There are 2 protein chains.
Amino acid sequence: MHSRASPFALAPGHGHGYAPLMIYFEDLEVGTDTEFGSYEVTREEVLDFARKYDPQPFHLSDDEAAKTYFGRLAASGWHSCAMTMAVLARYSVEHQQAVLGSPGIDELRWRKPVYPGDTLHVRGRIVDKTPSRNRPEMGSFRTETIVTNQDGAAVLTFTSIVLIRRRGSDAASA
Amino acid sequence: MHSRASPFALAPGHGHGYAPLMIYFEDLEVGTDTEFGSYEVTREEVLDFARKYDPQPFHLSDDEAAKTYFGRLAASGWHSCAMTMAVLARYSVEHQQAVLGSPGIDELRWRKPVYPGDTLHVRGRIVDKTPSRNRPEMGSFRTETIVTNQDGAAVLTFTSIVLIRRRGSDAASA
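Residues numbered from 1 in each chain as written. Chains lettered and ligands numbered in written order. Predicted model: local features only at pLDDT ≥ 70, side-chain atom pairs only at ≥ 80, totals over all residues.

### Quick word on the relation of the copies chain B and chain A
The pair of chain copies shares a relation made of a rotation about an axis and a shift along it. Screw-axis analysis of chain B against chain A gives a translation of 0.0 Å along the axis, an RMSD of 0.0 Å, and a rotation angle of 180 degrees. Look at the turn and shift together and you get a two-fold axis relating the two. The rotation axis passes nearest to the C-alpha of Asp-106 of chain B in chain B, at a distance of 2.7 Å. Interface overlap between copies: 100% of the residues of chain B at the interface are likewise at the interface in chain A, consistent with a symmetric, same-surface contact. (Least-squares fit on C-alpha atoms with pLDDT ≥ 70 in both. Contact = placed C-beta atoms within 7 Å.)

Structure below.
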């Protein structure tokens, strides 16, 4: 999956010569959708993650999962978040966003089970951006992230808050 | 770390003879604090998680982290969530809670960096519990979870929503 209309697209006149094309706060456009990429869910990885981080019976065996809403072996919700982050981080690094981390997440919802064999598709929309009041070198933006499976069903949604440098705040953007 | 005053403590008269002492919706007491346990953060695990799920430069090297708020290599926020879940899941399984999964998380905040060598302590308080309107066999409860490091500083907080069976909804509780 590739982005079709990226809110991270460079603003007109954004020229850096031979400098890296870092994406800064000023380059973000509120309201545009981005497709960040996809992730193949494997049974082995579901079990590995669950053994390490979420060893509840329904994340470890089909038989135990059959007694619950999941029906069969399903990924830990935190594993779904991690797989989503893998897609987002890959995008952020490839597109050289000057991201400084995240203070948090709101309204995270595991809407449907994620099963081995599923393909997750991650897309998002920047809903707002705000310059920092105290720190002139950065701003924040919020993205509504939606993760769907191969059937187009939303399996995970959340709103992330992300910190990003402002242009002129580091050597690369000078 | 062990629970000192568990909201999952059995209600008076809760006797099952030789049956497993499963903890059901009816056994949960709103307002009591529980210490769920602790987790040692290792450099190797921080790097393993980041390579797989959050390969942003500041989660992969001290040098890159030194350019950011983190100062030195810091765990992915999602890794902190996963380590917290490891503590919660271990507690839930050991205490035989009849947990059915979680629909989501609210107000997740990564308050301070988590570093290799840190020890995370996970505690929580049940803030409310609600019988399901549509499904008489289950209810939900919300827990405010606080994760602190060895210095007592809160590094991660969130409110989780958890589904749990009601007593009498399965063979074990009959």
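Having seen the structure, we can now continue with the description.
### Digging into the sheet that holds strand β2 (residues 99–110) of chain B
Strand order in the open sheet made by the 10 strands is β1(A)-β3(A)-β4(A)-β5(A)-β2(A)-β2(B)-β5(B)-β4(B)-β3(B)-β1(B), with antiparallel pairing throughout. Of all strands in the sheet, those bounded by a partner on one side alone are β1 (33–40) of chain A together with β1 (33–40) of chain B. For this sheet, the mean inter-axis angle between neighbouring strands, taken without regard to orientation, is 25 degrees. The pairing of strand β4 (residues 138–148) of chain B with strand β5 (residues 154–165) of chain B spans 11 bridges and is antiparallel. The partner of Ile-146 of chain B across the bridge, within β5 of chain B, is Thr-157 of chain B. Against the sheet, helix α3 (residues 77–94) of chain A makes contact with β1, β2 (99–110), β3 (119–131), β4 (138–148) and β5 (154–165) of chain A together with β2 of chain B, and its axis sits at roughly 120 degrees relative to β1 of chain A, the strand it touches most. Contacting β2 of chain A together with β1, β2, β3 (119–131), β4 and β5 of chain B, helix α3 (residues 77–94) of chain B runs over the sheet at an angle of about 120 degrees to β1 of chain B. (Pairing = 2+ DSSP bridges. Helix = DSSP H or I, 4+ residues; strand = E, 2+ residues; numbered from the N terminus. Axes fitted to C-alpha atoms, helices over the stretch in contact; angles between N-to-C directions.)

### Regarding the nonpolar core
Grouped burial of nonpolar side chains is what soluble globular proteins tend to show. Formed by 66 residues in total, the largest nonpolar core has its most connected members in Ala-82 of chain A together with Ala-82 of chain B. If near-sequence neighbours (up to four positions away) are discounted, Ala-82 of chain B is found in contact with Tyr-53, Trp-78 and Ala-82 of chain A. Listed in part, the 10 residues of the second largest apolar core include Phe-25, Leu-28, Ile-126 and Val-162 of chain B. (Core = buried A, V, L, I, M, F, W, Y, C linked by C-beta atoms within 7 Å. Buried ≥ 20, exposed ≤ 12 C-beta atoms within 10 Å, placed from the backbone.)

### Remarks on the interface of chain B and chain A
Tallying the contact residues gives 28 residues for chain B and 28 residues for chain A. If you list the elements that add at least two residues to the side of chain B that touches chain A, you get α1 (43–53), α3 and β2 of chain B. The biggest single contributor to the side of chain B that touches chain A is β2 of chain B, with 12 residues. Bridge analysis of β2 of chain A against β2 of chain B gives four bridges, and the strand direction is antiparallel. Within β2 of chain B, the position partnered with Ile-105 of chain A by the bridge is Leu-108 of chain B.

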